[in-house]
2 protein chains.
Amino acid sequence: MLQAVLLDISGVLHEDGQPLPGAVEAVSRLQASRLALRFVTNTSRKTGTRVHADLLAMGFELERQQVFTAPAAVRRYLEHHRLRPYLLVHEQLEPEFAGLDTGDPDAVVLCDAEQRLDYPHLDAAFQLLLEGAPLLAVGTNRYFRQHGALHLDAGPFVKALEYAAGIDAVVLGKPAAGFFHTVLDDMGVRPGAALMVGDDVEADVAAAMALGMQGALVRTGKYRDGDEARVPQAAVEDGLAELVDRLL
Amino acid sequence: MLQAVLLDISGVLHEDGQPLPGAVEAVSRLQASRLALRFVTNTSRKTGTRVHADLLAMGFELERQQVFTAPAAVRRYLEHHRLRPYLLVHEQLEPEFAGLDTGDPDAVVLCDAEQRLDYPHLDAAFQLLLEGAPLLAVGTNRYFRQHGALHLDAGPFVKALEYAAGIDAVVLGKPAAGFFHTVLDDMGVRPGAALMVGDDVEADVAAAMALGMQGALVRTGKYRDGDEARVPQAAVEDGLAELVDRLL
């Protein structure tokens, strides 16, 4: 019996800031239904507040409290463990970490830092990892899609630093179990009663299903032909509108 | 019966351009012995000609033909397969690839490019890999040692692009079997009659031993405490001088 739906954002609700066909109405129908609804993203080029505002501006109907972002999970981890981060994050994400002590860092935070993912910054992070600092990552996403092309996401850089220092990153966004459980706990729903909808076959769909959640793959965003073969038990639809038609 | 010795260069013969204690004399003794001798390096911040000249300037005695570098192996591969490279290489290495057609590239060459290993260059390489271009790498070395500190080598960036594009790189320097075999063939020696001496437990020692060569680990250069546990069958010495004392 389905009680809750988790929606990935980029590639499911919109592409490049343009709502996907039928997506705004599909979200309205879910909000009006008896199903609990949350929006979950590894996006690390903007803050959670900005993610919410941008969705409102596109016409989506949702509350700030329904948005769960991976960088916010990283901040919670830093605070809980009293860590001082070396921030390899996008400049637009800096407000998410405002007020944290970044002097004499003892942790590396790696998000989709784009212009900061250069040799000097990565090598500085490597020095900290050699000294025992943990590597905190939003996710292990391989790529994201923008303006019709795939681009490197944070995942490859996580793998690079893990390999260099011989360590394992602490992944705090999708596909980490903790991230999904935080969202499920917020709704008071057990995994089997929740459906994760995403365009990323690994970080969204396969990861959620590995926890006992239901999974749905949409053929929008970063979906690539043949992805469904990797999640044979998942629902597969052309887009969110078709999926919501099927659900409600 | 030992017939040949292969010496890694950086961290075995010198550190930061300063010959290691006893190394110059140790090389002279090997050259004067009945053993065939070759110098093998994944260094990708200078050309093979420059590697040779720098060793001469440090006082080492060797011929240009005794030096085998990974970037030269990459060039041979490009020429053999008629590939047009997108060169992520250090500016000092560019002469090694002079004269190759680099227009409309259909292969990615990843060396220790330092300042070119930034997001725009890596993302451009990723686009080519998605189109089916092979990724040619000098090696998968995790780090190198300079001025007493470890720094990111090309390996982590190879792993990043492999992970992003879901492909395997073609590795043409150490630890690739082909690289060692090229050197062994040049001497006309079978693997079991040759000794590889290195400070990199994986790319030098373990890789050579996996081919049936003998291996020796020296506790100089990038050696880290405990490395010998990973190659229990290897000879281990404090430095090249001690190793040559034992050999001759």
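Residues numbered from 1 in each chain as written. Chains lettered and ligands numbered in written order. Predicted model: local features only at pLDDT ≥ 70, side-chain atom pairs only at ≥ 80, totals over all residues. Heavy atoms only, no water.

> Explain the interface of chain A and chain B to me, and be specific about the residues and the numbers.
In this complex, chain A contributes 28 residues to the contact, which on the side of chain B involves 28 residues. Taking both partners together, chain A and chain B bury about 2400 Å²; carbon and sulfur atoms supply 65% of that area. At the surface where chain A touches chain B, the tally comes to 0 salt bridges. At the boundary of chain A and chain B, one finds 14 residue pairs in polar contact (both at pLDDT 80 or more). Contributing elements (two or more residues each) for the side of chain A that touches chain B: helix H4 (119-130), strand S9 (143-146), strand S10 (149-152) and helix H5 (155-165) of chain A. For the side of chain A that touches chain B, the element with the highest residue contribution is H5 of chain A, accounting for 8 residues. For the side of chain A that touches chain B, a count of residues per class yields 16 nonpolar, 5 polar and 7 charged. (Contact = heavy atoms within 4.5 Å. Buried area = accessible area lost by both parts, 1.4 Å probe. Salt bridge = Lys/Arg side-chain N within 4 Å of Asp/Glu carboxyl O. Polar contact = N/O pair within 3.5 Å; in protein donor to acceptor, adjacent residues only side chain to side chain. Helix = DSSP H or I, 4+ residues; strand = E, 2+ residues; numbered from the N terminus. Nonpolar A, V, L, I, M, F, W, Y, C, P; charged D, E, K, R; others polar.)

> Before we move on, can you summarise the nonpolar core with the specific residues and values?
Ranked by size, the top nonpolar core spans 48 residues in total, and within it Leu 161 of chain A together with Leu 161 of chain B carry the most contacts. Beyond its immediate chain neighbours, meaning those up to four positions away, Leu 161 of chain A contacts Leu 110, Leu 122, Ala 125, Phe 126, Leu 129, Leu 135 and Ile 167 of chain A together with Leu 152 of chain B. (Core = buried A, V, L, I, M, F, W, Y, C linked by side-chain atoms within 4.5 Å. Buried < 20%, exposed > 50% of the residue type's maximum accessible area, 1.4 Å probe, protein only.)

> Give a description of the pattern of salt bridges that names residues and reports values.
Enumeration over the complete set of coordinates arrives at 38 salt bridges over all chains. Salt-bridge contacts for Asp 104 of chain A lead to Arg 84 of chain A; the nearest nitrogen and oxygen are separated by 3.7 Å. Here Arg 84 of chain A lies in the loop between helix H3 (70-80) and strand S6 (85-88) and Asp 104 of chain A lies in the loop between S6 and strand S7 (107-110), a separation of 20 residues in the sequence. Arg 142 of chain B is paired through a salt bridge with Glu 202 of chain B; the nearest N and O atoms lie 3.0 Å apart. In this pair, Arg 142 of chain B is assigned in the loop between strand S8 (135-137) and strand S9 (143-146) and Glu 202 of chain B in helix H7 (residues 201-210), connecting sequence segments 60 residues apart. A network of salt bridges, in which partner residues are shared, links Asp 8, Lys 174 and Asp 204 of chain A.

> Report on the sheet that holds strand S7 (residues 107-110) of chain B, specifying residues and quantitative values.
Residue and element names in this part refer to chain B. Pairing in this open sheet of 4 strands is parallel, and the strands run S6-S7-S8-S11 from one edge to the other. The two strands at the open ends of the sheet, each matched to only one other strand, are strand S6 (85-88) and strand S11 (170-171). Contacting S6, S7, S8 and S11, helix H3 (residues 70-80) runs over the sheet at an angle of about 150 degrees to S8. Contacts between helix H5 (residues 155-165) and the sheet are confined to S7 and S8, with S8 contributing the most and set at about 165 degrees to the helix. (Pairing = 2+ DSSP bridges. Axes fitted to C-alpha atoms, helices over the stretch in contact; angles between N-to-C directions.)

> Residue-level account of the relation of the copies chain A and chain B, with values.
When chain A is fitted to chain B, the residual RMSD is 0.0 Å, and the transformation amounts to a turn of 180 degrees plus an axial shift of 0.0 Å. Here the two chains are linked by the operation of a two-fold rotation axis. When each C-alpha of chain A is compared by its distance to the rotation axis, Asp 118 of chain A comes out closest, at 2.0 Å. Here 100% of the contact residues of chain A are again contact residues in chain B; the copies associate through an equivalent surface. (Least-squares fit on C-alpha atoms with pLDDT ≥ 70 in both.)

> Now, about the packing of H4 of chain A against H5 of chain A: what can you tell me, with residues and values included?
A packed helix pair is summarised by two numbers, namely the angle formed by the two axes and the spacing between the axes. Residue and element names in this part refer to chain A. Two elements in contact, H4 and H5, have axes whose closest approach is 10 Å; the angle formed by their N-to-C orientations is 45 degrees. Classified by the angle their axes make, H4 and H5 are oblique. For the crossing formed where H4 meets H5, the hand is right-handed. Taken together, the residues of H5 that come into contact with H4 (itself represented by Leu 122, Ala 125, Phe 126 and Leu 129) are Phe 157, Leu 161, Ala 164 and Ala 165. Counted by class, the contact of H4 with H5 contains 8 nonpolar, no polar and no charged residues. (Parallel < 35°, antiparallel > 145°, perpendicular 65-115°, else oblique. Left-handed = near helix turned anticlockwise from the far one by under 90°.)

> Please give an account of the packing of helix H1 (residues 23-32) of chain A against helix H8 (residues 240-247) of chain A that cites residues and values.
Residue and element names in this part refer to chain A. Two numbers describe how H1 lies on H8: the axes approach to 8 Å, and their chain directions differ by 30 degrees. In terms of orientation, H1 lies roughly parallel with respect to H8. Note that H1 runs across H8; the crossing there is left-handed. Where H1 abuts H8, its residues Ala 23, Ala 26, Val 27, Arg 29 and Leu 30 lie against Leu 240, Ala 241, Val 244, Asp 245 and Leu 247.

> Can you break down the domain arrangement of chain A residue by residue, with the values?
All names here are of chain A. Along its sequence, chain A is organised into domain 1 (4-68 + 175-247) and domain 2 (71-171). Relative to domain 2, the C-alpha centre of domain 1 lies at a distance of 24 Å. With 19 residues of domain 1 in contact, the opposing surface of domain 2 contributes 24 residues. Summed over both sides, the interface of domain 1 with domain 2 buries roughly 1900 Å², with 45% coming from carbon and sulfur. It is Ser 44, Arg 45 and Lys 222 in domain 1 that bury the most area against domain 2; as a group they hold 38% of the surface buried on that side. Summed over the shared surface of domain 1 and domain 2, the result is 3 salt bridges. Where domain 1 meets domain 2, there are 9 residue pairs in polar contact (both at pLDDT 80 or more). (Domains from an automatic or database assignment.)

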